[in-house]
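Structural features, examined
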Amino acid sequence: QVQLVESGGGLVQAGGSLRLSCKASGRTISGYRMGWFRQAPGKEREFVAAISWSGGNTYYTNSVKGRFTISRDNAKNTVYLQMNSLKPEDTAVYYCAADVTGARLPILPGGYDYWGQGTQVTVSS
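Okay, so let's go over this structure. Since we're looking at a predicted model, the values are computed, not measured. (Residues numbered from 1 in each chain as written. Predicted model: local features only at pLDDT ≥ 70, side-chain atom pairs only at ≥ 80, totals over all residues. Heavy atoms only, no water.)

1. Looking at the side chain of Arg67
- Note on placement: Arg67 falls in the loop between strand S6 (58-60) and strand S7 (68-73).
- Overall, Arg67 belongs to the buried group, its relative accessible area being 10%.
- Excluding anything up to four places from it in sequence, Arg67 contacts Gln82, Met83, Asn84, Ser85, Leu86, Lys87 and Asp90. (Helix = DSSP H or I, 4+ residues; strand = E, 2+ residues; numbered from the N terminus. Buried < 20%, exposed > 50% of the residue type's maximum accessible area, 1.4 Å probe, protein only. Contact = heavy atoms within 4.5 Å.)

2. A closer look at the pairing of S7
- Burial along S7 is one-sided: Phe68, Ile70 and Arg72 are buried, and none of Thr69, Ser71 and Asp73, which face the opposite way, are.
- Pairing of S7 with strand S8 (residues 78-83), which is carried by six bridges, proceeds in the antiparallel orientation. Within S8, the residue paired with Phe68 across the bridge is Met83.
- Between S7 and S8, which pair antiparallel and follow one another directly, the connecting turn spans four residues, one of which, Asn77, has a positive phi of 55 degrees. (Pairing = 2+ DSSP bridges.)

3. A short note on the state of the cysteines
- Summed over all chains, the structure comprises one disulfide.
- Here Cys22 connects covalently by a disulfide to Cys96, the sulfurs 1.8 Å from one another. With a gap of 74 residues between them, Cys22 in strand S3 (residues 18-25) and Cys96 in strand S9 (residues 92-99) connect regions that are remote in the sequence. This pair shows no difference in class: Cys22 is buried, exactly as Cys96 is. (Disulfide = S-S within 2.5 Å.)

4. Here's the deal with unusual backbone geometry
- Not every positive phi belongs to a glycine, and Asn77 is a case in point at roughly 55 degrees.
- Judged by its relative accessible area of 12%, Asn77 falls in the buried class.
- The backbone of Ser85 shows a phi angle near 50 degrees, a positive value even though the residue is not glycine.
- Locating Ser85 in the fold gives a position in the loop between S8 and S9.

Listed below in structure tokens is the structure:
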């Protein structure tokens, strides 16, 4: 079993930055693809970004390209999401997730085996 705990969320003004962290425990995630998703009130959970086990491949939804950066430190069993130039529409609960196979389509929530509890990000205008 893998436990994922997100942190780093909060309230920020539009144009500001936040860095989310996802700390894993129970098992090393060094061989897993990791992803970030978000869910706003009344909306479906949506893909934000993903990173391959080595960090060599990254994937982003179009709305965050150029503003968000996903990275990982396998020695620390941690994945990060650096979010810059935040917009009010980025407001959501952000979840980190682990795909133990690393082979599923990264944008689909169903392709992940473990999920964190989420951290709230609120961007004020």
